[in-house]
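Breakdown of the fold
Listed here are the chains, written in short residue letters.
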Amino acid sequence: MPFLTLEAVSRESRLAEAAARWDALLAARPDLEPAVALQRQLIGLVVELAQTIEHGRLPRLSLPPKYLAAKLSRGVPALAGEPIPLPVAALRPTLVRLCEELSSGGAGGAADRIRASIEETRMDAGSLLSASLARDQTAIRTGAAHGGLAADLLWLVAELTVSPFAHALQRALLTPACDDAELASALAKWNRGYCPACGSWPALAEVASSHRVLRCSFCAFAWELRAHSCVHCGEEGEKFVTVAPNEERLDRRLELCAGCGAYLKTVDVPALSPFPLIAIADLETMDLDLAAMERGYTRPALRDFGPRR
Ligand SMILES: [Zn+2]
Ligand SMILES: [Zn+2]
């Protein structure tokens, strides 16, 4: 099963699962209290926005299944290079609220400056969010440099804000693949480590019922590779190893690739995480990031899919 359609999840069940996972994380790692407290606020806002978007109307996109199938067969993600109109009026209040939460959660003045530049329209929210949906790090870095803003924080608030929209688009465009033989076949043949919907790298792999399922860090798409190989460069040989940094927790592993120097976290799970709980899975496995970095491995930069229209 190379790609998986996750069931639609209600706001209540997302929040209930999130709360249970934060409680479990805090019981094991009380030192993560500040990070969990901030994530509760951020994820809470993203879940509310996801609810609004799922009950609103998505833009009518002329991206027919045959066209998407042809793109995928060339290794180009479905959304790459598409000029997609964003519901900026619906997203903007969340962008501002996220800045406020990040400000009180530790980012302070850096988050206040981003909020002020959006509220005073020195930074155009529509352009910022479009650049994030297009995964255009260069545009966001340039915008941050011009405005004297922290680039990583600007990337984060834009990504969090637009992620429910990216998730909804992904579901609208690729879930009906089951009804279109050509698109279903193109998706089934997708054997790349980056997301076929948006082009982002997976945040981690969730292993459920012996399926190693890559989970997009942005839109939460779920897919598998045909071989057990490095998701970033395809290495299958002896340069690619899987290790469990904690010998008592063999359910939490690292895939390390000496070929490209990148790593991927893999965790055994009873069920795949719904959107936007991949962010919680990422926080739950922060110790694995540290273990990988101690060994000199990194998460690679986003791929660039060429000139944008
Ligand atoms: Zn994606
Ligand atoms: Zn590699």
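Read on for a plain summary of the structure.

Taken together, the protein donors to the zinc ion (ligand 2) comprise Cys230 (SG), Cys233 (SG), Cys257 (SG) and Cys260 (SG), at separations of 2.3 Å. Coordination at the zinc ion (ligand 2) is tetrahedral: its four donor atoms span angles of 104 to 115° at the metal. Spacing between the donor residues of the zinc ion (ligand 2) along the chain follows C-x2-C-x23-C-x2-C.

Our next topic: the coordination of the zinc ion (ligand 1). Within the protein, the zinc ion (ligand 1) binds to Cys195 (SG), Cys198 (SG), Cys216 (SG) and Cys219 (SG); these donor distances fall in the range 2.3 Å. The sequence pattern describing where the donors of the zinc ion (ligand 1) fall on their chain is C-x2-C-x17-C-x2-C. You can see cysteine 198 sitting in the loop between helix 9 (181-189) and strand 1 (202-208) and its partner cysteine 216 sitting in strand 2 (residues 211-216), a full 18 residues away along the chain. The exposure classification of cysteine 198 matches that of cysteine 216, with both residues buried.

Turning our eyes to something else, we now look at the sheet that holds strand 2. Paired through their backbone hydrogen bonds, the strands of a sheet run either parallel or antiparallel. Here we have six strands laid out as an open sheet, ordered 3-2-1-6-5-4, and mixed in their pairing. Both outer strands of the open sheet, strand 3 (222-223) and strand 4 (240-243), are each paired with one neighbouring strand and no more. Sheet strands touched by helix 11 (residues 286-294): strand 5 (252-257) and strand 6 (263-268). Its angle to strand 5, the strand with the most contacts, is close to 30°.

Bringing the pattern of salt bridges into the picture now. All chains considered together, the criterion is met by 24 salt bridges. A single network of salt bridges, built from pairs that share partners, joins Lys265, Asp282, Asp289 and Arg299.

Glancing now at unusual backbone geometry. Proline 276 follows phenylalanine 275 through a cis peptide bond whose omega is -5°. Backbone geometry at threonine 121 places phi at a positive 55°, although glycine is not the residue there. Considering the arrangement of structural elements, one finds threonine 121 in the loop between helix 5 (109-119) and helix 6 (125-133). Relative accessible area serves as the criterion here: at 58%, threonine 121 is assigned to the exposed category. Although it is not a glycine, alanine 220 adopts a positive phi angle of roughly 70°. Summarising the element assignment, alanine 220 is placed in the loop between strand 2 and strand 3.

So, about the pairing of strand 5. When you tally the buried positions in strand 5, you get six out of six residues, the bulk of the element. Note: strand 4 against strand 5, four bridges, orientation antiparallel. Its bridge partner lying in strand 5, phenylalanine 240 is registered against cysteine 257. Relative to strand 6, strand 5 runs antiparallel, the two being bridged by five bridges. Note on strand 6: the bridge partner recorded for leucine 256 is tyrosine 263. In textbook terms, the turn of a hairpin is the stretch between consecutive antiparallel strands, and for strand 5 and strand 6 this stretch comprises five residues, one of which, glycine 261, has a positive phi near 80°.

For the rest of this paragraph, the subject is the side chain of serine 117. For serine 117, the location among the structural elements is in helix 5. A distance of 3.0 Å separates a polar side-chain atom of serine 117 from the backbone oxygen of isoleucine 114. Ignoring sequence-local partners within four residues, the contact set of serine 117 consists of Arg122, Met123 and Leu149.

A pair of packed helices is characterised by two quantities: the angle between their axes and the separation of those axes. It is at 10 Å that the axes of helix 5 and helix 8 (residues 151-174) come closest, and there the two elements cross at 60°. By the angle between their axes, helix 5 is oblique relative to helix 8. Remark: the crossing between helix 5 and helix 8 carries right-handed chirality. Here helix 5 contributes Ala110, Ala111 and Ile114 to the contact with helix 8, which in turn contributes Leu153, Leu154 and Val157. Looking at the contact of helix 5 with helix 8, its residues break down into six nonpolar, no polar and no charged.

Rules of the game
Residues numbered from 1 in each chain as written. Chains lettered and ligands numbered in written order. Predicted model: local features only at pLDDT ≥ 70, side-chain atom pairs only at ≥ 80, totals over all residues. Heavy atoms only, no water. Donors = N, O, S within 2.8 Å, 3.2 Å for Na, K, Ca; no water. Tetrahedral: all angles 85-135°; square planar, octahedral: opposite > 155°, others 65-115°. Helix = DSSP H or I, 4+ residues; strand = E, 2+ residues; numbered from the N terminus. Buried < 20%, exposed > 50% of the residue type's maximum accessible area, 1.4 Å probe, protein only. Pairing = 2+ DSSP bridges. Contact = heavy atoms within 4.5 Å. Axes fitted to C-alpha atoms, helices over the stretch in contact; angles between N-to-C directions. Salt bridge = Lys/Arg side-chain N within 4 Å of Asp/Glu carboxyl O. Polar contact = N/O pair within 3.5 Å; in protein donor to acceptor, adjacent residues only side chain to side chain. Parallel < 35°, antiparallel > 145°, perpendicular 65-115°, else oblique. Left-handed = near helix turned anticlockwise from the far one by under 90°. Nonpolar A, V, L, I, M, F, W, Y, C, P; charged D, E, K, R; others polar.

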